[in-house]
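Topology and contacts: notes
One-letter residues, chain by chain:
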Amino acid sequence: MTAILLDIDGVLHVSGEAVPGAPDAVRSLRDQGHRLRFVTNNTTRARSVLAGELQSIGFDLESEDITTTPLAAGKLLQGKRVLALVMSSIRDDLAEYVELVEDGADAVLLGGADESEETAEVFSYGRLNQAFAELREGARLVCLHKNKWWQTSRGPLLDSGAFVAGLEYAAGVEAEIVGKPTPAYFEAALAEVEATPAEAVMVGDDVEADPQPDAVVGSIADLPAYLNGA
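The following paragraphs examine the structure supplied in this document. (Residues numbered from 1 in each chain as written. Predicted model: local features only at pLDDT ≥ 70, side-chain atom pairs only at ≥ 80, totals over all residues. Heavy atoms only, no water.)

Counted under the stated rule, the structure contains two aromatic pairs. Ring centres 4.8 Å apart and planes at 15 degrees place the aromatic pair F123 and F163 in the stacked group. With F123 in the loop between α5 (118–122) and α6 (125–136) and F163 in helix α7 (residues 161–171), this pair connects stretches of sequence that are 40 residues apart. For the ring pair Y185 and F186, a centre distance of 5.5 Å and an interplane angle of 80 degrees mean the geometry is edge-to-face. (Phe/Tyr/Trp six-rings, centres within 6.5 Å; stacked < 30°, edge-to-face > 60°. Helix = DSSP H or I, 4+ residues; strand = E, 2+ residues; numbered from the N terminus.)

In structure tokens form, the structure reads like this:
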């Protein structure tokens, strides 16, 4: 059966409210035997938390069904020593695949910012300078995304892309981006359902960030008709 990658924000829910019919559609797709994988660019919450939030609004899934950018980064850097400038909530997900270290790193990994006070600690001058030193010693620079800012109730807030760009400039390196729409991200998701892009359908709400498999569907409501050849 078809392998189906389902974006989460904007496809399954909007602002914490399930898209009408989406939980039933997911259940129906499972019953039909399709291989499902839930994909998200979220960089500040653990898979288990994301799964719990979706379960609470009616979706039938487990945390192991979700591919996040930390998971994709962990697989990309599997077995490596990593200095991680990320929120504490995703460190356990990373630690399943990499050794988290404070020096002698093979790679420096930057995650996303959020509205908590922890952001000031993760991207403090001391931590950024530590990352700079590791890059000068030859470590790879990897980031979960390179967003400049994001919209909040307080207005636009600076995101980690500014710090990625600063480290690129200072260390004379170019960052590897892990999140959507990079091949590394989709390869990690497709590997979980043992599928190639030609065997997969992507259901997303962002024409720039989501299309990597050969077929892209814009709404979960359109999926049954698409699969039936309409």
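Having put the structure on the table, let's press on.
Turning our attention to the pairing of strand β13 (residues 200–203). Side chains on a regular strand alternate between the two faces of the sheet. The side-chain alternation of β13 yields two buried faces, one formed by A200 and M202 and the other by V201 and V203. Note that strand β1 (residues 3–7) and β13 share four bridges and pair parallel. The partner of A3 across the bridge, within β13, is A200. (Buried < 20%, exposed > 50% of the residue type's maximum accessible area, 1.4 Å probe, protein only. Pairing = 2+ DSSP bridges.)

Think of two packed helices as two axes; the pair is described by the angle between the axes and how far apart they sit. Interhelical geometry of helix α3 (residues 69–76) versus helix α8 (residues 183–192) gives an angle of 90 degrees and a closest axis separation of 9 Å. As the angle between them shows, α3 and α8 are arranged roughly perpendicular. Each of T69, A72 and K75 in α3 lies in contact with α8, whose residues at this interface are Y185, A188 and E192. Each residue belonging to the contact of α3 with α8 can be placed in one class, and the counts come to three nonpolar, one polar and two charged. (Axes fitted to C-alpha atoms, helices over the stretch in contact; angles between N-to-C directions. Parallel < 35°, antiparallel > 145°, perpendicular 65-115°, else oblique. Contact = heavy atoms within 4.5 Å. Nonpolar A, V, L, I, M, F, W, Y, C, P; charged D, E, K, R; others polar.)

Overall, the coordinates contain nine salt bridges when judged by the stated rule. One salt bridge connects E192 with K75, and the closest N-O pair in it is separated by 1.7 Å. Here the residue E192 occupies a position in helix α8, and K75 occupies one in helix α3, the gap between them amounting to 117 residues. Taking relative accessible area as the criterion, E192 reaches 33% and is therefore assigned partly exposed. For K75, a relative accessible area of 26% translates into the label partly exposed. Residues E168 and K146 are paired through a salt bridge, measuring 2.7 Å at the closest nitrogen-oxygen approach. Taken as a pair, E168 in helix α7 and K146 in the loop between β9 (140–143) and β10 (149–152) lie far apart in primary sequence, 22 residues in all. (Salt bridge = Lys/Arg side-chain N within 4 Å of Asp/Glu carboxyl O.)

Here we take up the nonpolar core. Core analysis: the biggest nonpolar cluster contains 28 residues, and L5, V82, L94 and L109 have the highest contact counts within it. Where this core is concerned, the elements lending two or more residues are β1, α3, β6 (81–85), β8 (107–110), α8 and β13. Among the elements that make up this core, the one with the highest residue count is α8 (five residues). V82 has contacts with L77, V98, E99, L100, V101, A105, A107 and L109, leaving out every residue within four places of it along the chain. (Core = buried A, V, L, I, M, F, W, Y, C linked by side-chain atoms within 4.5 Å.)

As for its position among the elements, E134 is in helix α6. Within polar-contact distance, the side chain of E134 engages the backbone nitrogen of G104 at 3.3 Å. Once residues lying within four places of it in the same chain are set aside, the contact partners of E134 are L83, E102, D103, G104, A105, V108 and A139. (Polar contact = N/O pair within 3.5 Å; in protein donor to acceptor, adjacent residues only side chain to side chain.)

As far as function goes, none of this settles anything; it's purely spatial.
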